[in-house]
Amino acid sequence: MAKVAFIGLGVMGYPMAGYLKTKGGHEVTVYNRTTAKAEKWAKEYGGSFATTPKEAAEDCDFVFACVGNDDDLRSVTTGPDGAFHGLKSGAIFIDNTTASAEVARELYAAAKEKGCGFIDAPVSGGQAGAENGFLTVMCGGDQDMFDKAQPVIECFAKFVGLMGESGAGQLTKMVNQICIAGLVQGLSEAIHFAKKADLDVEKVISAIRGGAAQSWQMENRWETMNAGKFDYGFAVDWMRKDLGICLKTANDTGARLPVTALVDQFYAEVQAMGGKRWDTSSLIARLENADK
């Protein structure tokens, strides 16, 4: 059993912190910007809560964070009352935020100066993956720190892997989001086309789902997309944030992402339709909205 802190109790962090307590049996202290949510978590899981990230991190072996973006991450780590001000020597900070590789390297260096470890460890699997303890975790950092942290991370994961040095976890998550963007657009167009061609969408999916067209998106989203329901996970606002990171990194590295850039603009159209909090499969709504 380790002493663990978890910072950020959103739709992902809340259940992830819960698995550290229930499955891992760790002593868990949580922090959330809205204290009432931290109090609720502590009551539900039998852990404790802190009123600042620094307080949460004090005397902990491992400190996790899952917040919104680079600025949020800096705020809860190196900002006033940030967790880095409470880290003990030898502690490992594990960041599950989807953020830039630049901020990961920045915080890796800052942690090292304090004699601590830092692992960028963004996750994939969405809200359902977090609630079921079935996330994929892509890590960047030092091998020795990863080896110590892996058994703890596995409390809420189906796969935990070290992708390379600091920043490699975030870069791998970008690859993941690039793949998803193209897949969801393709599936949206396919379902839209099937409807326009007066095909039975259920029969069509049954015919193709076992072949080369199969994907997680098809298996888990075709029915809700066909029904025009978009309340099933990762929001368009967050996808645009992630794709913005991908496109900036592509520009910095010289990579060409023409399809990703196009899909990002399609998501901007979905936002303009009022779909900021719809899930990412709502790309189909943009196609069907054009008929109205």
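Note that the structure is predicted; figures quoted are calculated from it, not measured. (Residues numbered from 1 in each chain as written. Predicted model: local features only at pLDDT ≥ 70, side-chain atom pairs only at ≥ 80, totals over all residues. Heavy atoms only, no water.)

1. Comments concerning the UniProt feature "domain: 3-hydroxyisobutyrate dehydrogenase-like NAD-binding" (unreviewed entry) in the chain
Point 1. Those places that UniProt annotates as "domain: 3-hydroxyisobutyrate dehydrogenase-like NAD-binding" (unreviewed entry) correspond, in this numbering, to residues 167-285.
Point 2. Helix makes up 71% of residues 167-285 and strand 0%, whereas the separation of the span's terminal C-alpha atoms amounts to 35 Å. (UniProt positions renumbered as here; feature names shortened; annotations may be inferred. Helix = DSSP H or I, 4+ residues; strand = E, 2+ residues; numbered from the N terminus.)

2. Observations regarding the packing of helix α8 (residues 168-196) against helix α10 (residues 216-227)
Point 1. One can describe the packing of α8 onto α10 by two numbers: an axis separation of 11 Å at closest approach and a directional angle of 45°. It follows from the interaxial angle that α8 and α10 lie oblique. Pair α8 / α10 crosses with right-handed handedness. On α10, the residues touching Ile180, Leu183, Val184, Leu187, Ser188, Ile191 and Lys195 of α8 are Gln217, Met218, Trp222, Met225 and Asn226.
Point 2. Tallied by class, residues from the contact of α8 with α10 come to 8 nonpolar, 3 polar and 1 charged. (Axes fitted to C-alpha atoms, helices over the stretch in contact; angles between N-to-C directions. Parallel < 35°, antiparallel > 145°, perpendicular 65-115°, else oblique. Left-handed = near helix turned anticlockwise from the far one by under 90°. Contact = heavy atoms within 4.5 Å. Nonpolar A, V, L, I, M, F, W, Y, C, P; charged D, E, K, R; others polar.)

3. A closer look at the pairing of strand β1 (residues 3-7)
Point 1. Within β1, 4 of the 5 residues are buried, leaving the element largely enclosed by the surrounding structure.
Point 2. Judged from the 4 bridges that link them, β1 and strand β4 (residues 62-65) form a sheet pairing that is parallel. Among the inter-strand pairings, Ala5 is bridged to a residue of β4, identified as Val63. (Buried < 20%, exposed > 50% of the residue type's maximum accessible area, 1.4 Å probe, protein only. Pairing = 2+ DSSP bridges.)

4. A word on the packing of helix α5 (residues 101-113) against α8
Point 1. As a packed pair, α5 and α8 sit with axes 8 Å apart at the nearest point and diverge in direction by 165°. In terms of orientation, α5 lies roughly antiparallel with respect to α8. Here α5 runs over α8; the crossing is right-handed. Residue-level inspection shows Ala101, Ala104 and Arg105 of α5 in contact with α8, the latter providing Gln170, Leu171 and Met174.
Point 2. Residues belonging to the contact of α5 with α8 are distributed by class as follows: 4 nonpolar, 1 polar and 1 charged.

5. Re the pairing of β4
Point 1. With burial as the criterion, each face of β4 is covered, one bearing Phe62 and Phe64 and the other bearing Val63 and Ala65.
Point 2. Judged from the 4 bridges that link them, β4 and strand β5 (residues 92-95) form a sheet pairing that is parallel. Residue pairing for β5: Phe64 is matched across the bridge by Ile94.
Point 3. For the handedness criterion, the β-α-β arrangement of β4, helix α4 (residues 70-77) and β5 is classed as right-handed. (Right-handed = clockwise from strand over helix to strand, strands pointing away.)

6. Some details on helix α2 (residues 35-45)
Point 1. Those residues of α2 that sit buried are Ala38, Trp41 and Ala42. Mapping the buried residues of α2 onto a view down its axis gives an arc of 100°, with all of them on the same face. Away from the buried face of α2 by more than 90 degrees, exposed residues Ala36, Lys40 and Lys43 are located.
Point 2. Among the structural elements, α1 (13-22), β2 (27-31) and β3 (48-49) are those in contact with the buried residues of α2. (Arc of directions from axis to C-beta.)

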